[in-house]
Amino acid sequence: MSAATTRSRTPDRLCAEAVDLAREAAEEAAAPGVVGEHVALVSEGDRVVTHFFECKEFGYRGWRWAVTVARASRAKLVTLDETVLLPGPDALQAPEWVPWSERLRPGDMGPGDLLPTEADDLRLEPGYSGEDAPPPNSVVSEEMAERVDAEDAELSDLEAPAATARGSIAAVAEELGMRRARVLSRYGLHTAADRWEESFGGKTAMAQAAPASCVSCAFLVPVAGSLSQAFGICANEFGPADGRVVALDYGCGGHSEAAVMPKPPRPAPPVLDTVAPDVLALRPPREGSVPDTAPDATEDLGHS
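Student: Help me understand a nonpolar patch on the surface, please; the structure alone is not making it clear to me.
Tutor: Together, Trp100, Leu104, Met109 and Leu115 make up an exposed nonpolar region whose accessible area comes to about 370 Å². The exposure class assigned to methionine 109 is partly exposed, which follows from its relative accessible area of 45%.

Here it is in structure tokens:
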């Protein structure tokens, strides 16, 4: 070990004793009463020492005021170098900064928000731009032109002219949905499939408890392309995945054939008795205070 290294680890005596100078510098940078007790000192090099003071300011728990002092060679006057507030070993600090592209989570976007995509996004790849179209005098162009003329002869003259020349590579790319600046790459397709499989796949708790899978459900809407071999869209408004892309091995209790409800029995038509007459009162019964009693015909007439 060299002598210079040994000297740098031993604090300079005059710099180590300049605690009052360091405290005055810390209080001038902060405020009176905020600088606490002297907690430690560290030798930064030859005749360079940093004094640490406790910080009592609210919101900076565990932070320390660091004041660095130094002196010139063979000089007895200690001068101030810098004053700064630094976090201590148990300081309360903000979490490490993370770029927005890594902080973004599904559902964070709201109305009016814009989500830019990087130029080298692995999920996307260039679409058809028309740069690889064959020249007009090539054999491919002549064959396409002949086929287009033959097809146009069979079509009605009332057909509206298309924006893109029929039979060209651009027309085929537009029909296949590939005439865009960028299209989904194979990597982007696989990552989307893995994400959908994790949310609505056969290994979820809902699918494990389902009576049947979505491949046999009438509410499954098929999708086009290569995803049709493994995914579909749920159209059951009462299901947990309504309007979501679900795997064919996913399932839930809303399966169309899981529990078919029987039709309720139709009530019998009313029966009318047309044989016996119904007695209907034409007048209501008389009501009065004197009972309507006729004299007995067998009673003798005369005076008693």
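Student: I'm lost on the layout of surface pockets in this one. Help?
Tutor: The rolling of a water-molecule-sized probe over the atoms marks out the regions of remaining empty space. Quantified by volume, the largest pocket comes out at close to 690 Å³. Contributing to the lining of the largest pocket are 21 residues, with Ser101, Leu104, Leu115, Asp121 and Arg123 lying nearest its centre. Counting residues per element, the ones that place at least two in the lining of the largest pocket are α4 (100–103) and α7 (186–199). Considering each element in turn, the lining of the largest pocket owes the most residues, 5 residues, to α7. Of the residues that constitute the lining of the largest pocket, the class distribution is 9 nonpolar, 5 polar and 7 charged. Approximately 400 Å³ is the volume attributed to the second largest pocket. Looking at the second largest pocket, it is lined by 13 residues, and the ones nearest its centre are Leu184, Leu189, Gly225, Ser226 and Leu227. Among the elements that take part in the lining of the second largest pocket, α7 stands out by supplying 4 residues, more than any other. Classifying every residue of the lining of the second largest pocket by side-chain character gives 6 nonpolar, 5 polar and 2 charged.

Student: I tried to follow the packing of aromatic side chains on my own but got confused; where do I start?
Tutor: To describe a pair of aromatic rings, you give the distance between the ring centres and the angle between the ring planes. For the structure on display, the rule yields 3 aromatic pairs. Taking 5.4 Å as the distance between ring centres and 90° as the angle between the ring planes, the aromatic pair formed by tyrosine 60 and tryptophan 63 counts as edge-to-face. Taking relative accessible area as the criterion, tyrosine 60 reaches 32% and is therefore assigned partly exposed. Between the aromatic rings of phenylalanine 200 and tyrosine 250, the centroid separation amounts to 5.6 Å while the plane-to-plane angle is 90°, which identifies the pairing as edge-to-face. Linking phenylalanine 200 in the loop between α7 and α8 (205–208) with tyrosine 250 in the segment after β9 (245–247), this pair joins segments that are 50 residues apart in sequence.

Criteria and thresholds
- Residues numbered from 1 in each chain as written.
- Predicted model: local features only at pLDDT ≥ 70, side-chain atom pairs only at ≥ 80, totals over all residues.
- Heavy atoms only, no water.
- Patch = residues over 30% accessible without salt bridge, like charges linked within 9 Å, V, L, I, M, F, W, Y side chains within 5 Å.
- Areas by Shrake-Rupley, 256 points an atom, 1.4 Å probe, with all protein chains shown as cover.
- Salt bridge = Lys/Arg side-chain N within 4 Å of Asp/Glu carboxyl O.
- Buried < 20%, exposed > 50% of the residue type's maximum accessible area, 1.4 Å probe, protein only.
- 1 Å grid on protein atoms, 1.4 Å probe; cavity = no way out; pocket = protein on both sides within 12 Å on 5 of 7 lines; lining within 4 Å.
- Points joined across faces, edges and corners; volume = space filled by probe spheres on them.
- Helix = DSSP H or I, 4+ residues; strand = E, 2+ residues; numbered from the N terminus.
- Nonpolar A, V, L, I, M, F, W, Y, C, P; charged D, E, K, R; others polar.
- Phe/Tyr/Trp six-rings, centres within 6.5 Å; stacked < 30°, edge-to-face > 60°.

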